[in-house]
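Geometric and topological summary
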Amino acid sequence: MLVAARAAAACLVVQGTLAFAAAAAAGDLGVAAFAAPGASFALAGLVIYRYERLPRSVNRLLALGATTIVATLTVAQPQGERYALLYIGVVVYVSFFFSRMQAFVQLGAGVALWAAVLAATTPLDEAAAAWILGAGTLVATAFVTRVIRDSLIATAERAKAHRRVLDAFFLNAPAGFAFLDGSLRHVRVNEPLAAMVGVPVENLVGKTIREFAPHLGDALEPLLLAVLETGESVTNLELASADGRRHYLVSYYPIGGADGAPGIGETVIDVTHLKDVERRLGETNRQLRVLATTDDLTQLYNRRKLDEELRLALARAQRAGRAVALLCLDLDRFKDVNDLLGHGYGDEMLVEVAARLRRAARETDVVARIGGDEFVVVLTDLDPAEGPADAAAVAARIRSLLHEPIEIDTVELRADVCIGVAIYPADSRDGKGLLAAADAAMYASKNALARVA
């Protein structure tokens, strides 16, 4: 409607201006010379300011009014034939914006008007030649205008079809989409985005980033302003809701608005379920690492974790010039507990032994179970001169704690233990050698007790 109104107004303004200019050039500034342009300008103003309320029938009356103006000039002005060709403007307008039939009627009226003017003012032979030239000009103008109109309409229809496809994608895509203007205010939001954030579309439109998500305002506003200034996209931002329950993957990219002003496109993907999966996988991996490095029964380190911790302790000791003590422990007559009381009692006894070993060792020391009733305690970061004494003190504390009775149901057990000690770097400079030296010392102690017994 606005395009049609502008075209009609332009035709009326040009028509009135040309008529007045022709009359002024010929010195024919009579009443018609002033009335016709005045009427044209008045009609142009009416069309521009009231186009939204003008029905199609009024537009047709405007075309008729323009025709009447041309006819008045042609009849009332001296040498009126000069004004007849102003009808070309009317023909262009109706050919472009009216139906074929209406355009044909208007063209017929123009051709008839041209014939009447020529018949009244020109000899017949000259009139025929002028009529053919004028009528041909009007017909050619109408034809070219109609071709241009059809081409533009076809282009507009294709644009509408593309718009419908884009709108369908925008409104129904599983991802959230929005457009932001230069003031970072949402001007269009699709339903999936509103559903993701739990806010109706009408409550999102018109809101700035800071108004919608205050907890993200300080972080996002500088980034979005940079998108507007540099034209570079910001993609795959991981954002969370204010309560931390929802997680989103958000991208911002520069676009041009409908009015040519710079804007920002926003794409939002809800990745809450992926975050949940990631969290569960992390927890599963943590549990697997614990299972891979922990003894199931006693929850002490297993042999694999002991080797890793011992290697790290020796590396630190080598760099710092410190000592490491390794204690190998073996319970005496543990097999008798399993044979006489059953494995359930044996397992309960091992769990209690593990707890007492933890109490005997320091927080920085490593306690591990490497076999059925075999345990290892690694004392780290020892003074090289005091390492043997520190190891002996811990071994004495272990014997003291394990000598206390272990009560399981109504049964009272005692855990006698043999302990072998090896010191880095005196006994060995690597973990395998240190473990072998402590193991040999433990069995030497066990054999000595057996000979005494």
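Residues numbered from 1 in each chain as written. Predicted model: local features only at pLDDT ≥ 70, side-chain atom pairs only at ≥ 80, totals over all residues. Heavy atoms only, no water.

Okay, the overall build of the protein chain next. Each helix and strand counted, the protein chain has 17 helices and 11 strands in total. Burial analysis of the protein chain (453 residues in total) assigns 38% to the buried set. Contacts in the protein chain between residues at least 24 apart in sequence constitute 56% of all its contacts with a sequence separation of at least 6. Carbon and sulfur atoms form 60% of the exposed surface of the protein chain, whose accessible area is close to 25,000 Å². (Helix = DSSP H or I, 4+ residues; strand = E, 2+ residues; numbered from the N terminus. Buried < 20%, exposed > 50% of the residue type's maximum accessible area, 1.4 Å probe, protein only. Contact = heavy atoms within 4.5 Å. Areas by Shrake-Rupley, 256 points an atom, 1.4 Å probe, with all protein chains shown as cover.)

As enumerated under the stated definition, the model contains 16 salt bridges in all. With a closest N to O distance of 3.1 Å, E221 and R210 form a salt bridge. Taken together, the positions of E221 in helix α11 (residues 214–230) and R210 in helix α10 (residues 209–212) put the pair 11 residues apart, joining distant regions of the chain. Classification of E221 as partly exposed rests on a relative accessible area of 24%. Note that R333 and D416 form a salt bridge whose closest N and O atoms lie 2.7 Å from each other. In this pair, R333 sits in the loop between β6 (323–331) and α14 (334–341) while D416 sits in the loop between β10 (411–413) and β11 (417–424), placing the two residues 83 residues apart along the sequence. When its relative accessible area of 26% is taken as the criterion, D416 is described as partly exposed. Each member of the salt-bridge network shares a partner with another, and the members are R210, D218 and E221. (Salt bridge = Lys/Arg side-chain N within 4 Å of Asp/Glu carboxyl O.)

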